[in-house]
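Next come the chains, spelled out residue by residue.
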Amino acid sequence: MNLEYFIAKRLITGADHKISISAPIIKIAITAIAIGVVMMLIAIATGAGLKHKIREKITAFSGHVQIYNYDNNRSDISVVPVSIEQDFYPEFRSVDGITHVQTVATKAGVIRTEETFELAIAKGVGTDFNWKIFSEYIVEGRLPNYGAELNEEVLMSRIMANRLQLKVSDSFLTLFMKEDTGKTPNQRRFKIVGIYDSGLEEIDERYLFTDIRHIQRMNKWKPNEVGNFEVFLNDFDDLEKKTFEIHGNTVATLDTQNVKNKYRQIFEWIPLFDFNIALIIGIMIIVGGINMITALLVLILERTQMIGVLKALGSSNWSIRKVFLYNATYLIGVGLLWGNGIGLLIIWLQSQFKLFKFPNPKEYYVEYIPVSIDVLTVFLLNLGVLLLCLLMLLLPSYIITKITPVKAIKFE
């Protein structure tokens, strides 16, 4: 039988502890642990959610990895075409973890209306384009339908539509420069069937989605020639590894670039979330630990006579310390239980109803605060809080070794 655990259990379940001097101190310590856990869970969930949402939005526009001709020099404009007759298209079987490969082509142009004009990059897409991951950004109208017949349907961003004072069903003229300078630009009249808003202003203000056959015809490409391939991965964390593997499984005339390198400025900003999360977790653990230290010292002071009796009966210092550490573990567990219940409830409500929004969505690329958390993260967080708090309690519990039986029994 575990004597220390038995004594600690009697102390916890005894009726007198509820009306003891330490009762309010213990409640404050439990509350501090609970609040700390709530704050840590929310910090982790919002930080991870924001990272995932930004990654998801950027990859929806460009894929995780782009494959293109070396002569394009990683430009946003397709200059030298690539044949679709590749071993990796339409399915990239030589590399694991790839979910989809699609073809696109881009061409710079000027949208002109009677009142104004706007520079734009027409992104031509075909029947293999994955609209599923893009459909949630549609705010007006519908997605374009690029079937067997070439049509004028385009998808325009809200930013671009507002600047040009255009709306769904409006038509407009776009001029595309030819490679040979001095020649009359190509003209295309398009019709807006849908308006999207991803929240990524630097992307939204540039891209206009159209049928890839328009760009193929203007560039005098063959039907089997495209600007580049966009590759989608199953796991973003494998991005660097898969980029290397993809590059190694393409012909020497093709180059690869991943989304981190293409949008380096955004992805250099994202890691700041991890620092903020770590800072919040550290502060909350310190605050919770200090409160538990206070509660433990009060418990020891309150049970000084009991400590003296146990020492007189032959109990070792470490045995008595374990009694109070068991007691502290129970109090921390109660705080963790309440903290997890409240924190996970808030996270679930936010994921379902999007109750909290950013005051300035442009700064964070999303309108509402996204949340994302998994069971393993919750488990490791709780385990870490429990262990760190107990480690912090080892030192103050050492005061028990300084208590002498004679003086402790006489203590009132």
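The coordinates are above.
Residues numbered from 1 in each chain as written. Predicted model: local features only at pLDDT ≥ 70, side-chain atom pairs only at ≥ 80, totals over all residues. Heavy atoms only, no water.

**Student:** What exactly am I supposed to notice about the overall build of the protein chain here?
**Tutor:** Counting secondary structure elements, the protein chain contains 14 helices and twelve strands. The C-alpha radius of gyration computed for the protein chain amounts to 32 Å, which surpasses the reference 22 Å derived for 412 residues by more than 25%, pointing to a less compact arrangement than a globule. Along the first, second and third principal axes, the C-alpha set of the protein chain runs to 105 × 45 × 30 Å. The buried share of the protein chain, reckoned over its 412 residues, is 47%. Here the contacts in the protein chain between residues at least 6 apart in sequence split such that 78% fall between residues at least 24 apart. Surface summary for the protein chain: the accessible area is close to 21500 Å², and the carbon and sulfur share equals 59%. Of the charged side chains in the protein chain, 43 are positive and 42 negative, and the gap between their average positions amounts to 8 Å. (Helix = DSSP H or I, 4+ residues; strand = E, 2+ residues; numbered from the N terminus. Rg over C-alpha atoms; globule rule 2.2 N^0.38 Å. Buried < 20%, exposed > 50% of the residue type's maximum accessible area, 1.4 Å probe, protein only. Contact = heavy atoms within 4.5 Å. Areas by Shrake-Rupley, 256 points an atom, 1.4 Å probe, with all protein chains shown as cover. Lys, Arg positive; Asp, Glu negative; His and termini not counted. Charge placed at Lys NZ, Arg CZ, Asp CG, Glu CD.)

**Student:** Sorry, what's going on with the nonpolar core here?
**Tutor:** Inside soluble globular proteins, nonpolar side chains tend to come together where they are buried. Within the largest apolar cluster, 66 residues are counted, with the highest numbers of intra-cluster contacts made by Phe134, Met156, Phe172, Tyr196 and Phe209. In this structure, Ala29, Ala45, Ile307 and Ile347 belong to the second largest nonpolar core, which totals 39 residues. (Core = buried A, V, L, I, M, F, W, Y, C linked by side-chain atoms within 4.5 Å.)

**Student:** What should I look at first to understand unusual backbone geometry in this one?
**Tutor:** Peptide bonds are mostly trans, and most non-glycine residues show a negative phi. Residue proline 90 is reached from tyrosine 89 by a cis peptide bond, and omega for that bond is 5°. Here proline 90 is to be found in the loop between strand 2 (82-83) and strand 3 (98-112). A positive phi angle, close to 55°, is found at glutamine 165, a residue other than glycine. With respect to the helices, strands and loops of the structure, glutamine 165 is situated in the loop between helix 3 (158-164) and strand 7 (171-176). Overall, the relative accessible area of 61% leaves glutamine 165 in the exposed class. With phi around 50°, lysine 354 is a residue other than glycine that occupies positive phi space. Residue position: lysine 354 is located in the loop between helix 11 (317-353) and helix 12 (361-364). When its relative accessible area of 33% is taken as the criterion, lysine 354 is described as partly exposed.

**Student:** What should I look at first to understand the packing of helix 2 (residues 23-62) against helix 9 (residues 272-302) in this one?
**Tutor:** Packed helix pairs are specified by the crossing angle of their axes together with the interaxial distance, meaning the distance between the axes. Their axes nearest at 9 Å, the elements helix 2 and helix 9 cross at an angle of 170°. Considered as vectors, helix 2 and helix 9 are oriented roughly antiparallel to each other. Looking at the contact of helix 2 with helix 9 residue by residue, the classes come out as 23 nonpolar, five polar and two charged. (Axes fitted to C-alpha atoms, helices over the stretch in contact; angles between N-to-C directions. Parallel < 35°, antiparallel > 145°, perpendicular 65-115°, else oblique. Nonpolar A, V, L, I, M, F, W, Y, C, P; charged D, E, K, R; others polar.)

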